[in-house]
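Take a look at the letters that make up each chain.
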Amino acid sequence: NAGVTQTPKFQVLKTGQSMTLQCAQDMNHNSMYWYRQDPGMGLRLIYYSASEGTTDKGEVPNGYNVSRLNKREFSLRLESAAPSQTSVYFCASSQNRGTEAFFGQGTRLTVV
Amino acid sequence: AQSVTQPDIHITVSEGASLELRCNYSYGATPYLFWYVQSPGQGLQLLLKYFSGDTLVQGIKGFEAEFKRSQSSFNLRKPSVHWSDAAEYFCAVALMNTGFQKLVFGTGTRLLVSP
C-alpha cells in the first residue's frame, strides 16, 4: 500500500518557468490537500479539494493552480515560478471527517 | 481566527529524560487535535490524535498527549526520550467545515536529544 505518492522529489526551476507537481493516493480518500513548508512557519495550506470535482483556496493560493483530475489525483501547478515559491511541498489526503491526514514524502522545489 | 501555537522553537533533552512539548489552540468548538512527527527529509507521520472521550491519548513510539479544555492545550509527553526521537514535531487542529476538515498546523518544535 503506497499511500500518498508525490513526484518529483526534487526540482530546480528558473524564475518564470512553469511546472506541475503530481500527487496520487490509493486509499480511496475523498479529500486532498497541498501544503507548503517553510522554516519557522510550519505547514500552510495552499489549496484543497473536499471531494472529486471541487477545489478551493487555502491560506496561500497566490501563484498556484490545482486540478483534481479524479478521486486519486490532485496536481499543483506553478504557472510562472518565483523565488518566493522555493519551499517543500506536501500533498496529503484524508476522509471527510474525523480522521487524520496522510502525507506524501514531499517535493523540494528551488526557484533560482 | 483559528490558530495553533507551539511556543518552543527548539528543545534539547538528554537521552532518557522526560519530554513535554507544548501546544495551545484557539478554536471556538471542541477541536480534533493531532500530533505529527517529521524526521529530516521525510513526510509527516501521525503520532496520535484526539477526537473525543478520554482526554489522555496514547500514540505510537511511547508518546501520549493530554487534552485540557480549560487551558486550550494539547501537550505531548514521553517519559523517556530516545536518540531516535530527534525530529520536528507539529501540533495540528482540524477545522470542521460542512462534511470536510482542514488542518491548521503550529510552527513546529525541533527536538534535539543529547547523549
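Scroll up to find the structure this text is about.
Residues numbered from 1 in each chain as written. Chains lettered and ligands numbered in written order. Predicted model: local features only at pLDDT ≥ 70, side-chain atom pairs only at ≥ 80, totals over all residues. Heavy atoms only, no water.

### Overview of the interface of chain B and chain A
Reasoning step 1: Across the boundary between the two partners, chain B contributes 23 residues, which contact 23 residues of chain A.
Reasoning step 2: Here chain B and chain A share an interface that buries about 1,900 Å² over both sides, 55% of which is from carbon and sulfur atoms.
Reasoning step 3: Our count for the chain B to chain A interface comes out at one salt bridge.
Reasoning step 4: Among the ionic pairs, Lys-49 of chain B bridges to Glu-100 of chain A, the shortest N-O distance being 2.8 Å. (Contact = heavy atoms within 4.5 Å. Buried area = accessible area lost by both parts, 1.4 Å probe. Salt bridge = Lys/Arg side-chain N within 4 Å of Asp/Glu carboxyl O.)

### Describing the state of the cysteines
All names here are of chain A.
Reasoning step 1: As enumerated under the stated definition, the model contains two disulfides over all chains in all.
Reasoning step 2: In this model Cys-23 forms its disulfide with Cys-91; the gap between the sulfur atoms is 1.9 Å. Between Cys-23 and Cys-91 the sulfur-sulfur dihedral comes to about -75 degrees; the bridge is accordingly left-handed. Taken together, the residues Cys-23 in strand S3 (residues 19-25) and Cys-91 in strand S9 (residues 87-94) connect sequence positions 68 residues apart. In this structure, Cys-23 and Cys-91 share a single accessibility class: buried. (Disulfide = S-S within 2.5 Å. Helix = DSSP H or I, 4+ residues; strand = E, 2+ residues; numbered from the N terminus. Buried < 20%, exposed > 50% of the residue type's maximum accessible area, 1.4 Å probe, protein only.)

### Remarks on the sheet that holds strand S1 (residues 4-7) of chain A
All names here are of chain A.
Reasoning step 1: The four strands are arranged S1-S3-S8-S7 in an open sheet whose pairing can be described as antiparallel. Pairing within the sheet leaves two strands with one partner each, and these edge strands are S1 and strand S7 (64-68). With direction set aside, neighbouring strand axes in the sheet form an average angle of 15 degrees.
Reasoning step 2: In the sheet, S1 pairs with S3 via four bridges, with the strands oriented antiparallel. Residue pairing across strands places Val-4 opposite Gln-25, the latter belonging to S3. (Pairing = 2+ DSSP bridges. Axes fitted to C-alpha atoms, helices over the stretch in contact; angles between N-to-C directions.)

### Considering the nonpolar core
Reasoning step 1: One finds Leu-19, Trp-35, Leu-47, Leu-48, Phe-74, Leu-76 and Tyr-89 of chain B to be the most contacted residues of the largest nonpolar core, which totals 29 residues.
Reasoning step 2: The set of elements that each furnish at least two residues to this core consists of strand S2 (10-14), strand S3 (19-21), strand S5 (32-38), strand S6 (44-50), strand S8 (64-68), strand S9 (73-78), strand S10 (87-97) and strand S12 (109-114) of chain B.
Reasoning step 3: Counting residues per element, this core draws most heavily on S10 of chain B, at five residues.
Reasoning step 4: Setting aside chain neighbours within four positions, we find Phe-74 of chain B in contact with Cys-23, Leu-33, Phe-34, Trp-35, Leu-48, Tyr-50, Val-57, Ala-65, Glu-66 and Phe-67 of chain B.
Reasoning step 5: Counting 20 residues, the second-largest nonpolar core is a separate cluster that includes Met-19, Met-32, Ile-46 and Tyr-64 of chain A. (Core = buried A, V, L, I, M, F, W, Y, C linked by side-chain atoms within 4.5 Å.)

### A word on the packing of aromatic side chains
Two numbers describe a pair of aromatic rings. These are the distance of the centres and the angle of the planes.
Reasoning step 1: Tallied over the full model, the rule gives 16 aromatic pairs over all chains.
Reasoning step 2: Seen in terms of ring centroids, Tyr-50 of chain B and Phe-67 of chain B are 4.6 Å apart; in terms of plane orientation they differ by 25 degrees. Their pairing is stacked. Pair noted here: Tyr-50 of chain B is in strand S6 and Phe-67 of chain B is in strand S8, with a separation of 17 residues, a long-range link. The same class applies to Tyr-50 of chain B and to Phe-67 of chain B, which are both buried.
Reasoning step 3: Feature note: the residues Tyr-33, Tyr-35, Phe-90 and Phe-103 of chain A together with Tyr-32, Phe-34, Tyr-36, Phe-51, Phe-90 and Phe-105 of chain B constitute an aromatic cluster, connected by ring pairs. (Phe/Tyr/Trp six-rings, centres within 6.5 Å; stacked < 30°, edge-to-face > 60°.)

### What about the side chain of Ser-93 of chain A?
Reasoning step 1: Along the chain, Ser-93 of chain A falls in strand S9.
Reasoning step 2: Polar contacts involving the side chain of Ser-93 of chain A include one to the side chain of His-29 of chain A, which spans 2.8 Å. (Polar contact = N/O pair within 3.5 Å; in protein donor to acceptor, adjacent residues only side chain to side chain.)

### Points about the environment of Asn-24 of chain B
All names here are of chain B.
Reasoning step 1: Inspection of the secondary structure puts Asn-24 in strand S4 (residues 24-26).
Reasoning step 2: Residue classification places Asn-24 among the partly exposed positions, given a relative accessible area of 31%.
Reasoning step 3: Taking the C-alpha atoms as reference points, Asn-24 and Asn-75, separated by 51 residues in sequence, lie 7.9 Å from one another.
Reasoning step 4: Aside from chain neighbours lying at most four places away, what touches Asn-24 is Ser-3, Val-4, Thr-5, Gln-71, Ser-72 and Ser-73.
Reasoning step 5: A polar side-chain atom of Asn-24 sits 3.3 Å from the main-chain carbonyl oxygen of Gln-71.

### Quick look at the pattern of salt bridges
Residues and elements named next belong to chain B.
Reasoning step 1: The tally for this structure, following the rule as stated, stands at nine salt bridges over all chains.
Reasoning step 2: Ionic pairing is found between Arg-77 and Glu-66, a salt bridge with its closest N-O pair at 3.2 Å. On the criterion of sequence distance, the pair formed by Arg-77 in strand S9 and Glu-66 in strand S8 is long-range, its members being eleven residues apart.
Reasoning step 3: Residue class for Arg-77 comes out partly exposed when judged on its relative accessible area of 23%.

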